[in-house]
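# Chains, contacts and geometry: an overview
Now for the letters of each chain:
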Amino acid sequence: MFRFPAVERHGIVWAFNGEEPLFDIPHLPYPEEEMVVRRTVLKEMPVEPWLVQAHTMDLQHLSLPHDFTLDEDPNDSVRVGPYSVGFDLRARLRGGPHFDVRVDIHGTNIFWQTGTLDGRWFFWIAPLAIPGPGRSRATFVYGARREDGEDTAATEAFLDRARTAMMALFDDDTPVLGTIRFRPGLLTHSDRTLARYLEYVRKYPRDNPARAFLT
Ligand SMILES: [Fe+2]
């Protein structure tokens, strides 16, 4: 039997697909006791996790369908490491809220966003499980710090606003997630960050350490 390395953090049990974890699950800047945190498990989606994250790294989609008004070009802030990629996003969303967030993809299936909505800090993380070939199931974990003297209801009201903003983005993305196909040779200069992500995925270590157990 193969035992996947596992750790519990942010209310989730994380398992690493390998003998030893190649990276740690990031910590949040505040302990959970100081925050109001919500967790939601979504229905399965007919798309693999790496493709969902490819959509995140397709920075052209920030303009269409999301209709962001960008303060600066997020392509200029792209970070590519061996086990994570990311960018900074400063923009006004449709309807007026302002995002100043750091977006990271850890591995090929963990969406990690921290930053501010209209100047107030929140986080939104979305690990995607793989319930079967060609499928994803997301867990949304999001929260905000309870500010000094603030009652929980006020923090919850802010989280409602953050959820509304994020779910509007998710609703924009959902119809296209199952339709994404890439054909080598067709990317343009405007797709340069997506191209860097695809190169990252190509190089990303892959393994099935449980194959002897599964077959
Ligand atoms: Fe999106």
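For the structure, see preceding data.
Residues take numbers from 1 onward in each chain, read along the sequence in its written order. Per-residue local features are limited, in this predicted model, to residues with pLDDT of at least 70; the limit for side-chain atom pairs, both in listing and counting, is 80 or more; totals at the level of whole chains, interfaces and linings are taken over all residues. The side-chain quantities take in all heavy atoms of the structure and omit both hydrogens and water.

### Some thoughts on the packing of aromatic side chains
Any Phe, Tyr or Trp ring, taking Trp's six-membered ring, that has another such ring centre within 6.5 Å forms a pair; planes under 30 degrees apart are called stacked, those over 60 apart edge-to-face, and the others tilted. Summed over all chains, the structure comprises 12 aromatic pairs. With a centroid separation of 4.9 Å and an interplanar angle of 80 degrees, the aromatic rings of Tyr-30 and Trp-121 are classed as edge-to-face. Taken together, the positions of Tyr-30 in the loop between strand S2 (12-15) and strand S3 (35-41) and Trp-121 in strand S9 (residues 120-129) put the pair 91 residues apart, joining distant regions of the chain. For Tyr-30, a relative accessible area of 28% gives the class partly exposed. Measuring from ring centre to ring centre gives 6.1 Å for Tyr-197 and Tyr-200, while their planes differ by 35 degrees; the resulting arrangement is tilted. Pair noted here: Tyr-197 and Tyr-200 are both in helix H3 (residues 192-203), with a separation of three residues, about one helical turn. Exposure class is identical for Tyr-197 and Tyr-200. Each is buried. Three or more aromatic residues joined by ring pairs make a cluster, and in this case those are Phe-16, Phe-23, Tyr-83, Tyr-197, Tyr-200 and Tyr-204. Whether a charge sits over a ring comes down to the Lys NZ or Arg CZ being within 6 Å of the ring centre and within 35 degrees of the ring normal. The residue whose ring lies beneath Arg-120 is Phe-158, and the NZ or CZ to ring-centre distance is 4.6 Å. In DSSP terms, a helix is any run of H or I states spanning at least four residues, a strand is any run of E spanning at least two, and both are numbered starting from the N terminus. Type-normalised accessible area, obtained with a 1.4 Å probe on protein chains alone, sets the label of each residue: buried when under 20%, exposed when over 50%, and partly exposed for intermediate values.

### Some thoughts on the coordination of the iron ion
Metal sites are built from N, O and S donor atoms within 2.8 Å, or 3.2 Å for Na, K and Ca, and they leave out water, so they may look incomplete. Here the iron ion is held by His-61 (NE2), His-66 (NE2), Asp-173 (OD) and Asp-173 (OD), and the distances to it run 2.0 to 2.6 Å. Square planar and octahedral assignments, for four and six donors respectively, both demand that opposite donors be over 155 degrees apart and that all other angles lie between 65 and 115; tetrahedral needs four donors with all angles between 85 and 135 degrees, and anything else is irregular. One can describe the site at the iron ion as irregular: its four donor atoms subtend angles covering 55 to 137 degrees at the metal.

### Examining helix H1 (residues 49-57)
Burial runs high along H1: eight of the nine residues are buried. Any two residues having at least one pair of non-hydrogen atoms within 4.5 Å are treated as being in contact. Elements that come into contact with the buried residues of H1 comprise strand S6 (84-92), strand S7 (98-106), strand S8 (110-117), S9, helix H2 (152-177) and H3.

### A closer look at the packing of H1 against H3
An axis is simply a line fitted to the C-alpha atoms; with a helix, the fit covers only the stretch in contact. Between two such axes, the angle follows the N-to-C directions and lies from 0 to 180 degrees. For the pair H1 and H3, the least separation of the axes is 8 Å and the interaxial angle reads 150 degrees. Comparing the axis directions of H1 and H3 gives the class roughly antiparallel. Considering the relative orientation of H1 and H3, their crossing is right-handed. Of H3, the residues touching H1 (which contributes Trp-50, Gln-53, Ala-54 and Met-57) are Thr-193, Leu-194, Tyr-197, Leu-198 and Val-201. With respect to orientation, any angle under 35 degrees is reported as roughly parallel, any angle over 145 as roughly antiparallel, any angle of 65 to 115 as roughly perpendicular, and every other angle as oblique. For any helix crossing, the convention is left-handed if the near helix is rotated counterclockwise from the far helix by under a right angle, and right-handed if that rotation is clockwise.

### Considering the environment of Arg-102
With respect to the helices and strands, the residue Arg-102 is situated in strand S7. Classification of Arg-102 as partly exposed rests on a relative accessible area of 39%. Each residue touching Arg-102, except ones within four places of it in the same chain, is listed here: Arg-79, Phe-87, Asp-88, Trp-112, Gln-113 and Thr-114. Whenever two N or O atoms come within 3.5 Å, that pair is a polar contact, provided that in protein one can donate a hydrogen and the other can accept it, and provided that, for residues adjacent in sequence, both atoms are side-chain atoms. Side chain to side chain, Arg-102 and Asp-104 meet in a polar contact 2.6 Å long.

### Digging into the environment of Arg-120
Tracing the backbone through its elements, the reader meets Arg-120 in strand S9. On the accessibility criterion, Arg-120 (13% relative accessible area) is buried. For the pair Arg-120 and Glu-147, spaced 27 residues apart in sequence, the C-alpha to C-alpha distance is 9.8 Å. Ignoring any residue separated from it by four or fewer positions in sequence, one finds Arg-120 in contact with Gly-115, Arg-145, Arg-146, Glu-147, Glu-150, Thr-155 and Phe-158.

### A short note on the side chain of Arg-9
Here Arg-9 is to be found in strand S1 (residues 6-9). In this view, Arg-9 contacts Trp-14, Asp-24, Ile-25, Pro-26 and His-27; residues no more than four positions away in its chain are not counted.

### Things to note about the pattern of salt bridges
Each reported salt bridge corresponds to a side-chain nitrogen of Lys or Arg within 4 Å of a carboxyl oxygen of Asp or Glu. Applying the stated criterion to the full structure yields 21 salt bridges. With its nearest N and O atoms 3.7 Å apart, the salt bridge here joins Arg-192 to Asp-73. Highlighted residues: Arg-192 in helix H3 and Asp-73 in the loop between strand S4 (69-70) and strand S5 (79-80), separated in sequence by 119 residues. In this structure Asp-73 comes out as partly exposed when scored by relative accessible area, which is 33%.

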